[in-house]
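Close look at the chain arrangement
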Amino acid sequence: MSAPKPKWRRTSTRQLVAWAVVLWLVSFGAAAQESAPEPEPPPETGDAFDDAILEEELERLDDEVYQDGPAEPAPDDAPEPVQDEPTEPAADVEGERPMPTLREVTVRYTPEDVFRMGGSVQTLDQKQLETLQYDDPNAVLLQVPGVYIRQEDGFGLRPNIGLRGTNPNRSAKVTLMEDGVLFGPAPYSAPAAYYFPMMGRVSGVEVFKGPASILYGPQTVAGAINYVSRPVPEEPRGQIDLSYGRFQTFRGHLHYGRRNDWGGFIVEGIHLGTQGFKELDGSSGRGNTGFQRSELVFKGFVNNDLASHAFNRLTIKVIGSRETSNETYLGLTDADFRANPDRRYTASQLDNMQWWRAAIDLTHNLAVGEHILLETTAYRHDFDRTWERLNQFRDGTQFLDVLTQPTTPPLDSYYLVLTGQQDSPSATGGTDAQDLMVIRNRRRFVVMGIQTRLRADFDTGKLHHEIESGVRFHYDSVDRFQPEQGYRMENTQLVWDGLTSSDDPDLLIDDNRGETQALAGYLMYGLEVAGFVINPGLRVEYIRTFFEDEKNAPDLGRVREDPQLVFLPGIGLQYTIVEGFAALAGVHRGFSAVTPGNRTLADPELSINYEAGFRYVTKDSAGFGEVIGFFNDYSNITSECTLSAGCNPDLVNQQFNNGRAFIGGVEVLGGYNAPLPRNLTMPVRVSYTYTKATYRNTFESSDPTIGDVERGDPIPYVPAHVLNAQLGFEKSFWGAYLIGNYFGKMREGVVGLQPLPDTDGYFVLDVVGRVRFEPVEAYLRLQNVTNTRAIVARRPFGARPNAPLSFQIGVQVGF
């Protein structure tokens, strides 16, 4: 028996009208361009345009000095290498330059641009992703320097990602995009990223840091991550991928696409499921601690004559996603963790997350002549989630307090109830302070908007100029309704007490709505001459927020808060000292907005971010290297008290000012493809990040997860050392690879007035092997082959482990 389900607030008519206007404007613009008189087409440009799309998608790293080196030439049936594939940087050429191409996916820079620009940008291409076959976004991004993670469930269902020292909690300080469009449930109103695209359908990853990040707001304190969806293939092509592994893990993946001169499409479906590796005490409840997750994607486009001087393409992308997972915030005591890190207390037997997401993007591309590109995208995304999970004891006692002091009276009796060793005192009737409260955390998110960007380039004598500008109008909202229900522990079973928030208003934790309207624009100019490149830029964000609190302030209604207007300048510099060796530097202003409901509680997060370093690539492109130092000077670093951080429910979603902070470090990326006898190659790749992050003032934070801070104290969840190293052997139709990850210990803040112990530093080794006989390829992936077990976090509610030893064996069949 459960409480009745509340009705959601409906999207307002005004929002629907706005969305209709957005679609009409895009359709009208496309029709107007199609109907315009068409000038004589230049000779032999149409096929080059379409060919360039495929070439840029599959070889997008060929000219990037910071990417992995290619393997020696191998037969067509050779397995893909672990490395990405750079070639020599493009030389300066006077006169006519190649026509800038429209990608089927959103990309701001070509590889030649990235080498010439000042700024830290790394990418992982389709070959890299398909060779290692990671389903966990954390494992994918650890290959990039400057990335930090805080693991939570061992599978990466809800990644916690930070860049250059930002708090990784729910990836809220990182701008997250798919094909250049924000994909977070509500990037402005509630930036916690409870949704990530499934890695199996991603064909590329782009990570922007430094001055390049001002193109991709709203979060510019850290940077931006763009996931590239699978492109429509050049020829009719498809693939089916089936794999099975430990813990009854199954993955099925199918995609097929084709195109002609006038259009094309791709359909894709992927499903990933597992029974989970955690062991729920006893045989009660669900027992299954795993998840089931699926995504369906359709992408199609139509275009006019490829030889047209004004080339138009209209693309639609539709995505449907769903997940059900028996995940919990509840962890373990340190002692219980050391005894069995996979144990899960019986009190979490009801915990379950369910969500669905529907997204549609409509994109119009226009290429005029050889030097003007225009892309306009209208989008709408809906995300609806309900997480029913253990939240606290009835009297407000927090689980983290209990699990850090399980033998201290009176918390010892709470621990016995939590683990099912003792019945709740209310088992004989009524309610009691030690009853377990299960929250039904229901949130509905709406995102919609329209964005357009223009890019043009031209030459004046020996000077080459590039201009890129963009404008985005964005709306998003979050609707929270979070009631609790009381349960008593009886013979290791949770029994509902029959009360709902209608019976007891105190059972309603939150009932509020936040909305944001944001107008953002940017302009970046590039000047190149004699090996020197300068890229000044400016981003402007104007943000209006609205908040309605029906639980605590129902009489106020929808409150319009003070707007936020911020100017974010930046500049990147690069000088090619000799061919293949360049120095770079950059500075920009970092910004993270205040969310609805917090405008009077906190100020925006602001910083000045600096970087400088060198890039190198060998003449034959077999080796490459990059060393970049960074320093972020925060005038105000903020934090947000969230349930995912173990916050007291009374302070959930509140933001806090935490004063000045310094975050600095060094990022190193390098690789080499070593030729060996007998036609073997040995690709080697290393990514390393050193970081030091400290507060620069003494204060008492109102955020209970931060507590009292002394000047020089380390900032939580920023490891000093992160290392990813890869070694492979390749020959003809087979390949074998070792991937090692070291993740340093991290500070975890405080609980009550006592500091939590640091997390464990740990090293994990993975092994991947592939054998291919066209059109069939078999692969085996072993993860954590040494079965290293570490406490990767104690938030939200107790010690949590990384995933244990696992394997996955699969087969891919192309057609």
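If you're wondering where the values come from, they're calculated on a predicted model, not measured in any experiment. (Residues numbered from 1 in each chain as written. Predicted model: local features only at pLDDT ≥ 70, side-chain atom pairs only at ≥ 80, totals over all residues. Heavy atoms only, no water.)

**Section: the overall build of the chain**
This is how it is decided: A helix here means a DSSP run of H or I that spans at least four residues, while a strand means a run of E at least two residues long, and both kinds are numbered starting from the N terminus. Relative accessibility thresholds used throughout: buried, under 20% of the residue-type maximum; exposed, over 50%; partly exposed, between the two (1.4 Å probe, protein chains only). The contact criterion used is simple: two residues touch if any of their non-hydrogen atoms lie within 4.5 Å. Only the protein chains shown count as covering a residue, and every accessible area follows the Shrake-Rupley method with a 1.4 Å probe.
Along the chain, the regular secondary structure elements total 8 helices and 41 strands. Considering the chain as a whole, with its 815 residues, one finds that 61% of them fall into the buried category. For the chain, restricting intrachain contacts to residue pairs at least 6 apart in sequence, the fraction spanning at least 24 positions comes to 71%. As presented, the chain carries roughly 29,700 Å² of accessible surface, and 59% of it is formed by carbon and sulfur atoms.

**Points about a nonpolar patch on the surface**
Going by this rule: Note on patches: the residues involved have over 30% relative accessible area and no salt bridge, like charges join within 9 Å, and the nonpolar side chains Val, Leu, Ile, Met, Phe, Trp and Tyr join within 5 Å. One side-chain nitrogen of Lys or Arg within 4 Å of one carboxyl oxygen of Asp or Glu is enough to make a salt bridge.
A contiguous nonpolar surface patch, about 720 Å² in accessible area, is contributed by Ile240, Leu242, Tyr244, Phe250, Leu254, Val776, Val811, Val813 and Phe815. Breaking the nonpolar patch down by element, the ones donating at least two residues are strand E8 (237–245), strand E9 (249–260) and strand E41 (806–814). Of the residues forming the nonpolar patch, the biggest block, 3 residues, is contributed by E8. Looking at the secondary structure, you find Phe250 in strand E9.

**Remarks on the environment of Pro159**
Along the chain, Pro159 turns up in the loop between strand E2 (147–149) and strand E3 (161–163). In this structure, the C-alpha to C-alpha distance between Pro159 and Tyr194, residues 35 residues apart in sequence, is 7.9 Å. Once residues within four sequence positions are removed from consideration, Pro159 is found in contact with Pro137, Asn138, Arg170, Ser171 and Phe196.

**Here we look at helix H8 (residues 411–418)**
Judged by how many residues are buried, H8 sits mostly within the fold: 6 of 8 residues are covered. Regarding H8, the residues found buried are Leu411, Ser413, Tyr414, Tyr415, Val417 and Leu418. Summarising the contacts, the buried residues of H8 are in contact with helix H6 (334–339), strand E16 (372–393), helix H7 (399–404), strand E17 (436–460) and strand E18 (463–490). Positive backbone phi, approximately 80°, marks Gly420, located one or two places after H8.

**Here we look at the environment of Lys209**
Summarising the element assignment, Lys209 is placed in the loop between strand E6 (202–208) and strand E7 (224–229). Residue classification places Lys209 among the buried positions, given a relative accessible area of 0%. In sequence terms Lys209 and Gln122 are 87 residues apart; their C-alpha atoms lie 8.7 Å from each other. With sequence-adjacent residues up to four places away left out, Lys209 is seen in contact with Gly119, Ser120, Gln122, Val144, Pro145, Gly146, Leu163, Arg164, Ala222, Glu611 and Glu667.

**Quick look at the nonpolar core**
Rules: Within this scheme, the nonpolar core is defined by two criteria: the residues are buried Ala, Val, Leu, Ile, Met, Phe, Trp, Tyr or Cys, and they are joined through side-chain atoms within 4.5 Å.
Core analysis: the biggest nonpolar cluster contains 88 residues, and Val205, Ile225, Tyr227, Leu418 and Leu436 have the highest contact counts within it. It is H8 that contributes the most residues to this core, 5 residues altogether. Dropping the residues within four chain positions of it, Tyr227 is found in contact with Pro137, Leu141, Met177, Glu178, Asp179, Phe183, Phe196, Pro197, Met199, Val202, Gly204 and Val205. Core analysis: the next-biggest nonpolar cluster, separate from the first, contains 20 residues, Val121, Met177, Leu215 and Tyr216 among them.

**Topic: the pattern of salt bridges**
Counted according to the given criterion, the structure contains 38 salt bridges. A salt bridge links Arg794 to Glu748; its shortest N-O distance comes to 3.2 Å. Of the two residues, Arg794 sits in the loop between strand E39 (791–793) and strand E40 (800–801) while Glu748 sits in the loop between strand E34 (734–743) and strand E35 (750–751), which places them 46 residues apart along the sequence. Like Glu748, Arg794 is buried. Salt bridges here are not isolated pairs; linked through shared partners, they connect Glu178, Asp179, Arg201, Glu295, Lys317 and Asp361.

**Focus on the pairing of strand E10 (residues 263–274)**
Look at any regular strand and the pattern is simple: side chains alternate between the two faces of the sheet. We count it as follows: Only strands that DSSP links by at least two bridges are regarded as paired with each other.
Of all the 12 residues making up E10, 9 are buried; the element is thus mostly covered by neighbouring parts of the structure. Pairing of E9 with E10 involves 11 bridges; the strand directions are antiparallel. Following the sheet pairing, Gly252 is matched in E10 by His271. The hairpin formed by E9 and E10 contains 2 residues between the paired strands.

**A short note on the confidence of the model for the chain**
Worth spelling out the cut-off: Residue-level confidence of the predictor, termed pLDDT, takes values from 0 up to 100.
Per-residue confidence for the chain gives a mean pLDDT of 86, with 85% of residues at or over 70. Mean pLDDT across the elements of the chain bottoms out in helix H2 (residues 46–58) (40) and peaks in strand E5 (residues 181–182) (98). Every residue in residues 1–111 is under pLDDT 50, and counting partners more than four places away or in other chains gives 293 contacts.

**Details of the side chain of Gln808**
Operational definition: Side-chain atoms alone can form a polar contact between residues adjacent in sequence; in general such a contact is a pair of N or O atoms within 3.5 Å, and within protein one must be able to donate a hydrogen while the other accepts it.
Note that Gln808 resides in strand E41. On the basis of relative accessibility, which here comes to 6%, the residue Gln808 falls in the buried class. There is a polar contact of 2.7 Å between the side chain of Gln808 and the side chain of Ser243. At a separation of 2.8 Å, a polar atom in the side chain of Gln808 contacts the side chain of Arg781. Once you skip the residues sitting within four places of it in the chain, Gln808 turns out to touch Asp135, Ser243, Tyr244, Gly245, Thr249, Arg251, Tyr779, Leu780 and Arg781.

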